[in-house]
Amino acid sequence: MRIKLEHGAGGEIMEELLREVILKSLSLKSAGGIGLDALDDGATIPLGDKHLVFTIDGHTVKPLFFPGGDIGRLAVSGTVNDLAVMGARPLALANSMIIGEGFDGEDLRRILRSMDETAREVPVPIVTGDTKVVEEDIGIFVVTAGIGIAERPISDAGAKVGDAVLISGTVGDHGIALMSHREGIAFETELESDVAPIWEVVEAVAETIGWENIHAMKDPTRGGLSNALNEMAKKANVGILIRESDVPVRPEVRAASDMLGINPFDVANEGKVVMIVPREHAEEALEAMRSTKRGRNAAIIGEVIGDYRGRVLVETGIGGKRFLEPSAGDPVPRVC
């Protein structure tokens, strides 16, 4: 077996690598809570009547600076969001940088300033780190780890038949913005990444309906909305039906997607949360999302069903239905 780009792209090929190579090579995968074998957004460790949530993420993006953000904002947001979707208030971050010889010092300062500004939005301190410089001209890779405290940990496997499915905003923004920027596709309104920390959105919903009424959460990063929903359906052994017309997509993102031949459901988002809640709390959760800066375009996009367990269905605008398959790999590489 040789590692390919697709093995890190968040789709079915990556899941095969995780299950067949990584998980089978490690014997101790849990500290008493949600462990590595759950393949969730982080791990949980029981701590008295609460839970410590721990996560780590490597970040590589091309270009390093893109419309709406940069690798520094991406790194902090990605780690905060992995904590948030497990119900954890972020407590602290660690930052490790692997820098290629010859990397521009002012670019490094710019990345660090961006990390600091993003962390202050949450707020969460960056308390420790590590820096390595290598001979190869690799640019920069940023690895961030985070810890948080959860009163009641949330997994991505808790969906129940009858639940409602919500998304906190428009999909496809990050991946399509980067691809359009790379390809030099210009629009009257510049496409921007959605990269941002989403703790505020998650906290607002929890304060409104209670943590116990958030059944499952996931941030739709690599593989996009398609991959996130398929993972949630498969892990909970339920079906998920979404209405295509209810999924918010910016017109410029849809136009760029058509030009590039990419489905916006399949590409990474870096400032959104998919949340599954009981149907009776769906409208309250929606209003809570919309009351926040990052959740103004939130929508109820579907429901959890008893049919087609482990699969995701899309109801089209003309009333037909089709399966929403997870992508084999991310159609836009090097975006997170």
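An account of the accompanying structure is given in this report. (Residues numbered from 1 in each chain as written. Predicted model: local features only at pLDDT ≥ 70, side-chain atom pairs only at ≥ 80, totals over all residues. Heavy atoms only, no water.)

1. Details of the sheet that holds strand β2 (residues 50-59)
In sheet architecture, strand pairing relies on hydrogen bonds along the backbone and comes in two forms, parallel and antiparallel.
In step 1: Spatially, five strands are ordered β1-β2-β7-β5-β6 in an open sheet, and the strand pairing comes out mixed. Looking at strand neighbours, the two that pair on one side only are β1 (43-47) and β6 (126-134), the edges of this open sheet. Neighbour-to-neighbour, the strand axes of the sheet open up by a mean angle of 15 degrees, direction not taken into account.
In step 2: Relative to β2, β1 runs antiparallel, the two being bridged by five bridges. Directly across from Pro46, in β2, lies its bridge partner His51.
In step 3: Packing of helix α2 (residues 71-84) onto the sheet brings it into contact with β2, β5 (89-100), β6 and β7 (140-150), and relative to β2 it is tilted by some 150 degrees. (Pairing = 2+ DSSP bridges. Helix = DSSP H or I, 4+ residues; strand = E, 2+ residues; numbered from the N terminus. Axes fitted to C-alpha atoms, helices over the stretch in contact; angles between N-to-C directions. Contact = heavy atoms within 4.5 Å.)

2. A closer look at the layout of surface pockets
In step 1: Here the second largest pocket is characterised by a volume of approximately 440 Å³.
In step 2: Lining of the second largest pocket is provided by 24 residues; of these, Asp173, Asp194, Arg250, Lys272 and Arg294 occupy positions nearest its centre.
In step 3: Residue classes in the lining of the second largest pocket are distributed as four nonpolar, nine polar and 11 charged. (1 Å grid on protein atoms, 1.4 Å probe; cavity = no way out; pocket = protein on both sides within 12 Å on 5 of 7 lines; lining within 4 Å. Points joined across faces, edges and corners; volume = space filled by probe spheres on them. Nonpolar A, V, L, I, M, F, W, Y, C, P; charged D, E, K, R; others polar.)

3. Things to note about the packing of helix α5 (residues 199-209) against helix α8 (residues 282-290)
In step 1: Axis separation between α5 and α8 bottoms out at 8 Å; the angle between their running directions is 140 degrees. By the angle class used here, α5 and α8 are oblique. By crossing handedness, the relation of α5 to α8 is classed as right-handed. Seen from α5, the contacting residues are Val201, Ala204, Val205, Thr208 and Ile209; seen from α8, they are Glu284, Ala285, Ala288 and Met289.
In step 2: Residues that form the contact of α5 with α8 fall into these classes: seven nonpolar, one polar and one charged. (Parallel < 35°, antiparallel > 145°, perpendicular 65-115°, else oblique. Left-handed = near helix turned anticlockwise from the far one by under 90°.)

4. A few points about the nonpolar core
In step 1: Grouped together as the largest cluster of nonpolar side chains are 83 residues, with contacts concentrated most on Ile214, Met217, Leu225, Leu229, Ile240 and Ile242.
In step 2: The dominant element in this core, judged by the number of residues it contributes, is α5, at seven residues.
In step 3: Discounting chain neighbours no more than four positions away, the residues touching Leu229 are Val165, Ile240, Ile242, Val274, Val312 and Leu324.
In step 4: Listed in part, the five residues of the second largest apolar core include Val53, Met86, Ala88 and Ala150. (Core = buried A, V, L, I, M, F, W, Y, C linked by side-chain atoms within 4.5 Å. Buried < 20%, exposed > 50% of the residue type's maximum accessible area, 1.4 Å probe, protein only.)

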